Amino acid sequence: MATPRVFPLSCVAQQYAWGKKGSTSEVARLLASNDPLVQIAEDKPYAELWMGSHPRGDAKILDNRISQKTLGQWIAENQDSLGSKVKAAFHGKLPFLFKVLSVETALSIQAHPNKDLAEKLHLQAPQHYPDANHKPEMAIALTPFQGLCGFRPVKEILTFLKKVPEFQLLIGDEAATKLGQSVSHDTQAVASALRSCFSNLMRSEKKVVVEQLNQLVKRISQQVSAGNGVEDICGELLLQLHQQYPGDIGCFAIYFLNLITLQPGEAMFLEANVPHAYLKGDCVECMACSDNTVRAGLTPKFIDVPTLCEMLNYTPSPSQDRLFPPTQSQGDPYLSIYNPPVPDFTVMKMEVPGSVSEYKVLAVDSASILLVVQGRVTASTPETPAPIPLQRGSVLFIGANEHVSLKLTEPQDLLLFRACCLL
């Protein structure tokens, strides 16, 4: 009998401290919907659901006809299932990690190196940079999802320098003046001035940062108590971040970076060297397989300030430019494709109305992972002896070039996300 190339997975939940707790977490709700035996602990965080073959969260195979226990083991012995191009380009490994994130408190402000820098950092400091790969990421909102992403337009930063004297003090008058003057020059002058300002902030003495932050928090708190609006200086966000990370330099980074709220279905793509932080909400995320992160703040972890200030992309852009819109499939009215400018991954979103009785999943020359966010179906392939029941929270591995048909078992709209690698 041929080995099955389409099978359900049981995926690993990561309980990082920043995750939403108990059943407020979309990660926990997906787990519980898919498996009634799962006990959700209401006092524990459920931060990430890992759908893939990463060694720290290798998915278990739920098919007793398959001898291998995990997806990673199975792919190692069935590399053709990756698709011929993917197998050759990524040395017989699944090139992406697919996730669901449920964020309660902010993740660190960070950036990820490009491939060249990743190789160099991994050689120099493997304890901080565990592999030689780049780590582009894409987040697609499931609920309103708030994050910081990329440098703001310079005019916005200059306004904050005027309105927030504590921020101006850390940047210094000279760097702030240069930033103001750079606006009438070319993009290189702007990037250079922005780099000086950001570097001054990141190299500020801890004691001075804490003093200035406490002063700013006190001032904003007094304004709030007096019933005055503080939106013009992101007051609410600053208080929230300071409460989560008291005295952290990252609290001031909100004056440099675009604040974005993605609505469900909206996405942002985070290419190499773009500073970003996820602040709150639930999203589907896909990334290249890497753990390389250069942190800038909102973290108790190691901050590599020289590398960070050197590597960042200092090109400012308005927040709407950070949105990454999907393209609508020509042949399938229910399919949207988020195809970023990197080879490692593509994400597809399928929204199928409940009135449709059967939906054919596009066959692609890549292994893929399918997540059911809403709806109930049975999945079958020409080779499957028995259909595979799928419901909210189910995760299905689909080998390259497999034809999968989904029959809706109730008239509820379907929402599916699928990660693959379209070379």
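Residues numbered from 1 in each chain as written. Predicted model: local features only at pLDDT ≥ 70, side-chain atom pairs only at ≥ 80, totals over all residues. Heavy atoms only, no water.

**Looking at the environment of L82**
With respect to the helices and strands, L82 occurs in the loop between α2 (71–77) and α3 (84–89). Residues L82 and S366, 284 residues apart in the sequence, show an inter-C-alpha distance of 5.2 Å. (Helix = DSSP H or I, 4+ residues; strand = E, 2+ residues; numbered from the N terminus.)

**A closer look at the layout of surface pockets**
As a volume, the largest pocket reaches approximately 790 Å³. The greatest single-element share of the lining of the largest pocket, amounting to five residues, is contributed by strand β13 (residues 276–288). Taken together, the residues of the lining of the largest pocket sort by class into 15 nonpolar, 10 polar and nine charged. Size it by volume and the second largest pocket reaches roughly 470 Å³. Lining the second largest pocket are 21 residues; nearest its centre among them are F90, K93, L94, P95 and C289. With three residues, the single largest contributor to the lining of the second largest pocket is α2. Tallied by class, residues from the lining of the second largest pocket come to eight nonpolar, eight polar and five charged. (1 Å grid on protein atoms, 1.4 Å probe; cavity = no way out; pocket = protein on both sides within 12 Å on 5 of 7 lines; lining within 4 Å. Points joined across faces, edges and corners; volume = space filled by probe spheres on them. Nonpolar A, V, L, I, M, F, W, Y, C, P; charged D, E, K, R; others polar.)

**A short note on the sheet that holds strand β19 (residues 368–374)**
Strand order across the open sheet formed by eight strands is β6-β1-β22-β19-β24-β17-β16-β15, with antiparallel pairing between neighbours. Among the strands making up the open sheet, the edge pair consists of β6 (60–61) and β15 (327–328). Pairing geometry for strand β17 (residues 346–352) and strand β24 (residues 414–420), over seven bridges, is antiparallel. Across the sheet, K349 pairs through a bridge with F417, a residue of β24. (Pairing = 2+ DSSP bridges.)

**Things to note about the sheet that holds strand β18 (residues 358–361)**
The strand order β18-β23-β20-β21 describes an open sheet built from four strands, whose pairing is antiparallel. Whereas interior strands pair on both sides, the edge strands pair on one side only; in this sheet they are β18 and β21 (388–390). Neighbour-to-neighbour, the strand axes of this sheet turn through a mean angle of 25°, independent of strand direction. As judged from the four bridges shared by β18 and strand β23 (residues 404–408), these two strands associate in the antiparallel manner. Looking across to β23, one finds that E358 is bridged to K407. (Axes fitted to C-alpha atoms, helices over the stretch in contact; angles between N-to-C directions.)

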